[in-house]
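A closer look at the structure
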Amino acid sequence: MNGTIVVTGSSGFIGTHLVDALELHPGLRIVNLDLEPPRKKSHLRYWVRCDIMQAAELQQIVADLSPNFVVHLAARTDMEGKTVDDYATNHVGTQNVVAAIASSTVIERAIFVSTQFVVGPGPLPRHDLDFRAHTIYGESKVLAELAIRNGKLECTWTIVRPTNVWGSWHPRYPREFWKVLQSGLYFHPGSKPVTRSYGYVGNVVGQMCAIFEAPSENVNQRVFYVGDPPIKLLDWVNAFSIQLTGHRARVIPQSLLRLLAWTGDCLVAVGVNFPIFSSRLRNMTEDYPTPMEPTYALLGPPMTSLEDGVRETVEWLRTTGASRDSL
């Protein structure tokens, strides 16, 4: 790739890794449009402060930059919102990004980052518009995908739906899952094997870069899930447990874990942190695979194995402030 690429929200988790990947393309000028400064000091030279909710400001910045490529990552991704309006950054912000792209005559390709949560657990989607939103966050991303389709963009555009993405710089896992696992407080439900979809962040950004390099007719106006093949949840957990603790995770009867989850519900309700509660237990006992085959048919299998991704992530935890502050 050669030219200018604008990435909205690349100060965040996935964006940090995407910038690292884009730096391997010497012909690219990288611009990060974000309200917050980058996590890595070496990325500061790419940062332009921008609020995608300010449509006129965004359109002027894009016009001034005249990018050839756009990746729209900026979003609110937590699960704390109460209504879809709390996630206006996702759908209204996407409308603004679409409008800014539509007003440009030089943008060749755009990738819009959605989420697997536009289709919740249950049957796999029958087609790209077969939505069944999971969480309010997922609802906001459905609206964002519809805004993209209604934008009548003339450039080549693609929607990607990341699975549960993990890796270094993750915003929550260091103080949540990895911390609980390291401290010996993680207990896995002894139920039937549960299949989930995860994605090592290096594979996710690699797939996004590969979409830019794929023939336009293979990716234009298409949706691709990005991440790794669905995996048994306990296998994924044990990959981290062995690296962090030297042994596999403890498995206990689901009935006992359900009692702990009810206790957790009560404690969380009064503001006390507890590692297990009902919604988390439901996530641990519910299948949630995603259709990865079209992605691999086009791009090939992920480059980084589970073992190598876990090794890189744990090394980051042990050699940065994340391990000292959170583990």
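Residues numbered from 1 in each chain as written. Predicted model: local features only at pLDDT ≥ 70, side-chain atom pairs only at ≥ 80, totals over all residues. Heavy atoms only, no water.

To continue, consider the packing of helix 3 (residues 88-102) against helix 4 (residues 135-150). At a minimum axis distance of 8 Å, the contact between helix 3 and helix 4 shows a crossing angle of 20°. In this view, helix 3 runs roughly parallel relative to helix 4, as classed from their interaxial angle. Between helix 3 and helix 4 lies a crossing of right-handed hand. In contact with Asn90, His91, Thr94, Gln95 and Val98 of helix 3, helix 4 contributes Tyr137, Ser140, Lys141, Leu143, Ala144, Ala147 and Ile148. Partitioned by chemical class, the residues of the contact of helix 3 with helix 4 number six nonpolar, five polar and one charged. (Axes fitted to C-alpha atoms, helices over the stretch in contact; angles between N-to-C directions. Helix = DSSP H or I, 4+ residues; strand = E, 2+ residues; numbered from the N terminus. Parallel < 35°, antiparallel > 145°, perpendicular 65-115°, else oblique. Left-handed = near helix turned anticlockwise from the far one by under 90°. Contact = heavy atoms within 4.5 Å. Nonpolar A, V, L, I, M, F, W, Y, C, P; charged D, E, K, R; others polar.)

As a general point, the strands of a sheet are linked pairwise by backbone hydrogen bonds and lie either parallel or antiparallel. A sheet is described by the order of its strands in space; here seven strands give the open sequence 3-2-1-4-5-6-11, paired in parallel fashion. Here the strands that pair on one side only, and so sit at the sheet edges, are strand 3 (47-49) and strand 11 (222-226). Ignoring which end each strand starts from, the neighbouring axes of this sheet average 20° apart. As paired strands, strand 1 (residues 3-8) and strand 4 (residues 69-72) are joined by four bridges and run parallel to one another. Counted as the bridge partner of Val6 is Val70 from strand 4. Across the sheet, helix 6 (residues 201-213) lies against strand 1, strand 4, strand 5 (109-113), strand 6 (156-162) and strand 11, angled at about 150° from strand 5, the strand it touches most. (Pairing = 2+ DSSP bridges.)

What follows concerns the pairing of strand 6. Burial within strand 6 is extensive, with seven of its seven residues counted as buried. Along strand 6, one buried face is formed by Thr156, Thr158, Val160 and Pro162 and the opposite face, lined by Trp157, Ile159 and Arg161, is buried too. Inspection of the sheet shows strand 5 paired to strand 6 by five bridges, in the parallel sense. Note on strand 6: the bridge partner recorded for Arg109 is Thr156. Note that strand 6 and strand 11 share five bridges and pair parallel. Its bridge partner being in strand 11, Thr158 is matched across the sheet by Arg222. (Buried < 20%, exposed > 50% of the residue type's maximum accessible area, 1.4 Å probe, protein only.)

The next subject is the packing of helix 2 (residues 55-65) against helix 3. The N-to-C vectors of helix 2 and helix 3 enclose an angle of 35°; their axes lie 9 Å apart at closest approach. Here helix 2 runs over helix 3; the crossing is right-handed. Residue-level inspection shows Ala55, Leu58, Gln59 and Val62 of helix 2 in contact with helix 3, the latter providing Asn96, Val97, Ala99 and Ala100.

Below, the discussion takes up the environment of Thr94. Position of Thr94 among the secondary structure elements: in helix 3. Sequence separation between Thr94 and Ala147 is 53 residues, and the spatial gap between their C-alpha atoms is 7.0 Å. Excluding its chain neighbours within four sequence positions, the residues that come into contact with Thr94 are His72, Thr89, Ala144 and Ile148.

It is worth spelling out the pattern of salt bridges at this point. Note on pairing: side chains with opposite charge can pair once their charged atoms come close. Across all of its chains, the model carries eight salt bridges by this definition. The shortest N-O distance in the salt bridge between Arg126 and Asp130 comes to 3.2 Å. Using a relative accessible area of 70% as the deciding quantity, one classes Arg126 as exposed. In this structure, Arg161 engages Glu145 in a salt bridge whose closest nitrogen and oxygen atoms are separated by 2.9 Å. Of this pair, Arg161 sits in strand 6 while Glu145 sits in helix 4; the two residues are 16 residues apart in sequence, bridging distant segments of the chain. (Salt bridge = Lys/Arg side-chain N within 4 Å of Asp/Glu carboxyl O.)

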